[in-house]
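Letter by letter, the chains look like this.
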There are 2 protein chains.
Amino acid sequence: MPTLSEVARHAGVTPATVSNVLRNRGRVGAQTRQRVLDAVDALGYRPHLAARALAEGRAPTLALMVSSIANPFYPEFALAVERAARTSGHFVIICNTNEDPQTGRAYLDQIAGTLSEGVLVTNANLDFADLHTTEARGTPVVLCMWERPNEPPGLPCVAVDFRLAGELAGAHLLALGHRRIGAIVGSKASGIHAARYQGFVDALHAAGAPKSPVKHALDTIQGGYDATRALLEADPKLTAIFATNDLPALGAMHAAADLGLHVPDDLSVIGITDIQLARESRPALTTVAVPTVEVAELAVSLLRELIESSYGQAGRGAANVPMRISSPPELVVRASTGAPRPR
Amino acid sequence: MPTLSEVARHAGVTPATVSNVLRNRGRVGAQTRQRVLDAVDALGYRPHLAARALAEGRAPTLALMVSSIANPFYPEFALAVERAARTSGHFVIICNTNEDPQTGRAYLDQIAGTLSEGVLVTNANLDFADLHTTEARGTPVVLCMWERPNEPPGLPCVAVDFRLAGELAGAHLLALGHRRIGAIVGSKASGIHAARYQGFVDALHAAGAPKSPVKHALDTIQGGYDATRALLEADPKLTAIFATNDLPALGAMHAAADLGLHVPDDLSVIGITDIQLARESRPALTTVAVPTVEVAELAVSLLRELIESSYGQAGRGAANVPMRISSPPELVVRASTGAPRPR
DNA sequence: ATGAAAGCGCTAACAC
DNA sequence: GTGTTAGCGCTTTCAT
């Protein structure tokens, strides 16, 4: 690979001039500029990004921490992040933690601040302490999907009102006439989906509806499948399933199919997020859509701001950690919910 | 972030010694080593990967070119690639071309050889000329999923016998007694799926079965959905659908559902690849499994070899471009195929 | 066993 | 307008 100096030599100028031409910096004569440009493509020159990163003291990449790229939400989100990042000339390194905090730490230690100049965190099961450490080392961190706008996490974040999402889902089911609703929470008891479940409970409460049976499950299709079967075994009269995420909701539909129950006539199912599969399942899944693209854009732009302001470098007021709030989630009615049919 | 020299100063040695300790290189006294190690974690030192890359002349990352991370096969594959790459200490940068050769070129130009020391290419709709260019610049390129082991592509690759996959699928359908089979090819006429289709045709031919109607479609659920409806409209007596990929096959099942056809009784459906969704769909999809993880591992190890041997740097014999062949695809019978039921 | 010095490819003051 | 110079943080001969 040809280097900057080779281009310079070829064009009969100094490296500085070439650099100036390439980055449209200092003033360069039109003539010289052309000679440089010619040399560049005569030699097929490409700037060495690592060298540039070193010299500039900043890397052209952002790290995106995800718990598992195999969960179809993350690729969708990653795509949105990538698009947003490219507008500021950033590449994205996707770091798969596999739900393992240690792997997460390893990535943070190695990539943050050296290969990437900022870190985007989804619900990747990371240690907050580790995140604070990388922040303290000078690499800004943004939480992409904070679930409780009212309880700031102490790190810069984009918050989505997931409690509202749960409430909308519950209200929809109630409005259709459901009273016996099984709930599937796709995380551990006090986990990341607690706010969504809370919203659902709030809706029931507001309507004076009876408490629902709840089952905690893995945030996967299989998890939702198992939970649904358990729920239905315990109470065969359930007419609807609320899941805190689309994947378990899809699993609920599969369970219904295997049990010979028709969705939505025998069992209504609703999820949260609106991943692409929700649109593509049969029947298509009713869900509460989260503005994924907007969240990604907010997260990237917040991160960029923090990078520019070298947030954290200087002692920032621990008090005012920035938080962006996305537009509210919205109910998307499809084919998996309907009025209950007594059985 | 503390630097190497700071650690050195802190430990009362020179940068060279610290470097030696960190990389287990030259001989260092046990005592000194300990002092250095102490300094390292007293200061929370992390090596600057970009600086290291520059000094070493090699980057610790591999680029993975994919056409769309939104297609669920790629995240699965990416995960496998990442696992394999980590074993050699490489990070993976996922580059989304969005099916656009220009975007692909942009990524190659920028990342290859500067941020990453090798390129892995899936069916990303890239210009072969561009790939040869980056190869010529000294960055090894490996095609991860070449579909025709008998026709080497002129670039290092991992080949999968996709013709066989198509044949297995066709044979399975024929063995069940199907004769009127619609085929969906998830690419353009002479595109990447041609070998799969050829295998299917071979199977029909070998069995003396009549020719099948074919429809070319987008390699998506929707594409398969539309194609199936068109196919069934043209010939309502079709008893089975063969799709060259799982996604369109899934779409075929949805189309059947919407048409009130029961799968597999009224319509059998088979795909190729065995993505996770195939297992998780209802009914579960019969498919021909491609050894994804093995392919990823082969591709990464081949790429590593090329990197080590600085393949391409020196004029290599254009004749012997390396090719690895994966183990053959295998039929996985699930619930979406069965004997035809006359309608 | 440790240190001194040069250099990876690029950028950024500043001087001419 | 263009060149000079110094360095980004690290690795790596080569001395000592």
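Residues numbered from 1 in each chain as written. Chains lettered and ligands numbered in written order. Predicted model: local features only at pLDDT ≥ 70, side-chain atom pairs only at ≥ 80, totals over all residues. Heavy atoms only, no water.

The name recorded for chain A in an unreviewed UniProt entry is DNA-binding LacI/PurR family transcriptional regulator, from Paraburkholderia bryophila.

A few points about the side chain of S212 of chain A
Residues and elements named next belong to chain A. Turning to its location among the elements, S212 is positioned in the loop between helix 9 (194-206) and strand 7 (214-216). With relative accessibility at 13%, the residue S212 sits in the buried group. Ignoring anything within four residues of it in the chain, the contact list for S212 reads I181, F200 and L204. (Helix = DSSP H or I, 4+ residues; strand = E, 2+ residues; numbered from the N terminus. Buried < 20%, exposed > 50% of the residue type's maximum accessible area, 1.4 Å probe, protein only. Contact = heavy atoms within 4.5 Å.)

Section: the pairing of strand 2 (residues 91-96) of chain A
Residue and element names in this part refer to chain A. When you tally the buried positions in strand 2, you get six out of six residues, the bulk of the element. Alignment of strand 1 (residues 61-66) against strand 2, held across six bridges, turns out to be parallel. Considered in strand 2, the bridge of V66 is made with N96. You can see the chain leave strand 1, run along helix 5 (residues 73-86) and come back into strand 2, and the turn it takes is right-handed. (Pairing = 2+ DSSP bridges. Right-handed = clockwise from strand over helix to strand, strands pointing away.)

Observations regarding the packing of helix 4 (residues 49-56) of chain A against helix 4 (residues 49-56) of chain B
Remark: helix 4 of chain A packs on helix 4 of chain B, axes separated minimally by 8 Å, with the N-to-C direction vectors making an angle of 130 degrees. Judged by the angle between their axes, helix 4 of chain A and helix 4 of chain B are oblique. Crossing of helix 4 of chain A over helix 4 of chain B shows left-handed handedness. For the pair helix 4 of chain A and helix 4 of chain B, contact is made by A50, A51, A53 and L54 of chain A and by A50, A51, A53 and L54 of chain B, respectively. Residues that form the contact of helix 4 of chain A with helix 4 of chain B fall into these classes: eight nonpolar, no polar and no charged. (Axes fitted to C-alpha atoms, helices over the stretch in contact; angles between N-to-C directions. Parallel < 35°, antiparallel > 145°, perpendicular 65-115°, else oblique. Left-handed = near helix turned anticlockwise from the far one by under 90°. Nonpolar A, V, L, I, M, F, W, Y, C, P; charged D, E, K, R; others polar.)

A look at the domain arrangement of chain A
The assigned domain composition of chain A is domain 1 (4-47), domain 2 (61-139 + 292-325) and domain 3 (162-290). Taking the mean C-alpha position of each, domain 1 of chain A and domain 3 of chain A sit 61 Å from one another. (Domains from an automatic or database assignment.)

Quick word on the interface of chain A and chain B
Tallying the contact residues gives 44 residues for chain A and 44 residues for chain B. Between chain A and chain B lies a buried interface of about 4,200 Å² when both sides are counted; carbon and sulfur atoms form 63% of it. Counting across the interface, chain A meets chain B through four salt bridges. Between D109 of chain A and R46 of chain B there is a salt bridge whose closest N-O contact spans 3.7 Å. Connecting chain A to chain B are 12 residue pairs in polar contact (both at pLDDT 80 or more). Taken together, the residues of the side of chain A that touches chain B break down into 25 nonpolar, 10 polar and nine charged. (Buried area = accessible area lost by both parts, 1.4 Å probe. Salt bridge = Lys/Arg side-chain N within 4 Å of Asp/Glu carboxyl O. Polar contact = N/O pair within 3.5 Å; in protein donor to acceptor, adjacent residues only side chain to side chain.)

Some details on the sheet that holds strand 7 (residues 214-216) of chain B
Residue and element names in this part refer to chain B. As summarised here, the arrangement of the six strands in space is 7-6-8-9-10-12, forming an open sheet in which the pairing is mixed. The sheet is open, and its two borders are formed by strand 7 and strand 12 (330-332), each paired with just one other strand. The average undirected angle you get between the axes of adjacent strands in this sheet is 20 degrees. Note: strand 6 (residues 181-185) against strand 7, three bridges, orientation parallel.

Notes on the pattern of salt bridges
Taken as a whole and judged by the stated rule, the model has 34 salt bridges over all chains. Its salt-bridge partner being R279 of chain A, residue D274 of chain A comes within 3.8 Å of it at the nearest N-O pair. Overlapping salt bridges, with partners in common, bring together R46 of chain A together with D109 and R137 of chain B in one network.

Quick look at the nonpolar core
Counting 144 residues, the largest nonpolar core has F77, L120 and F242 of chain A together with L64, F77, L120 and F242 of chain B as its most contacted members. Beyond its immediate stretch of four places on either side in the chain, L64 of chain B contacts F77, A78, V81, V92, I93, I94, C95, L120 and T122 of chain B. Membership of the second largest hydrophobic core comes to 44 residues, among which are L131 and W146 of chain A together with A63 and M65 of chain B. (Core = buried A, V, L, I, M, F, W, Y, C linked by side-chain atoms within 4.5 Å.)

A look at the relation of the copies chain A and chain B
Rotating chain A by 180 degrees and translating it 0.1 Å along the rotation axis places it on chain B, where the RMSD comes to 0.1 Å. The transformation just described matches what one would write down for a two-fold rotation axis. Comparing interface residues between copies, 100% of those in chain A also lie at the interface in chain B; the contact surface is shared. (Least-squares fit on C-alpha atoms with pLDDT ≥ 70 in both.)

Structural notes on the protein's contact with DNA strand D
Not every one of the 24 residues close to DNA strand D is listed here, only the nearest: G29 and T32 of chain A together with L4, Y45 and R52 of chain B. Those atoms of DNA strand D that come within 4 Å of the protein belong to sugar or phosphate at a rate of 75%. Listing elements by their share of the surface near DNA strand D, those giving two or more residues are helix 2 (15-23) and helix 4 of chain A together with helix 2 (15-23) and helix 4 of chain B. For the surface near DNA strand D, the element with the highest residue contribution is helix 4 of chain B, accounting for four residues. Residues that form the surface near DNA strand D fall into these classes: 11 nonpolar, seven polar and six charged. (Near = heavy atom within 4 Å.)

Thoughts on the packing of aromatic side chains
Scanning the entire structure with this criterion turns up 12 aromatic pairs over all chains. Ring plane angle 10 degrees and centroid distance 4.3 Å describe the contact between F200 of chain A and F242 of chain A, whose orientation is recorded as stacked. Linking F200 of chain A in helix 9 with F242 of chain A in strand 8 (residues 240-243), this pair joins segments that are 42 residues apart in sequence. As far as burial versus exposure is concerned, F200 of chain A and F242 of chain A are alike and both buried. The rings of F73, Y74 and F77 of chain A are connected pair by pair, giving a single aromatic cluster. The lysine or arginine in question, R86 of chain B, covers the ring of Y107 of chain A, its NZ or CZ lying 5.1 Å from the ring centre. (Phe/Tyr/Trp six-rings, centres within 6.5 Å; stacked < 30°, edge-to-face > 60°. Lys NZ or Arg CZ within 6 Å of the ring centre and 35° of its normal.)

Quick word on the sheet that holds strand 10 (residues 286-289) of chain A
Residue and element names in this part refer to chain A. Reading across the sheet, the six strands line up as 7-6-8-9-10-12 and stay open at both edges, with mixed pairing between neighbours. The open sheet is flanked by strand 7 and strand 12 (330-332), the only strands paired with a single partner. Within the sheet, the average angular offset between the axes of one strand and its neighbour, ignoring direction, is 20 degrees. Relative to strand 9 (residues 268-273), strand 8 runs parallel, the two being bridged by three bridges. If you follow A240 over to strand 9, its bridge partner there is S268.

As for the protein's contact with DNA strand C
Around DNA strand C sit 25 residues in total, of which L4, Y45 and R52 of chain A together with G29 and T32 of chain B are the nearest. Counting only the atoms of DNA strand C that lie within 4 Å of the protein, the sugar and phosphate share comes to 79%. At 2.4 Å from a phosphate oxygen of DNA strand C is found a side-chain nitrogen or oxygen belonging to Y45 of chain A. For DNA strand C, a base oxygen lies 3.2 Å from a polar atom in the backbone of A55 of chain B. Those elements that provide at least two residues to the surface near DNA strand C are helix 2 and helix 4 of chain A together with helix 2 and helix 4 of chain B. Tallying contributions element by element places helix 4 of chain A first for the surface near DNA strand C, with four residues.

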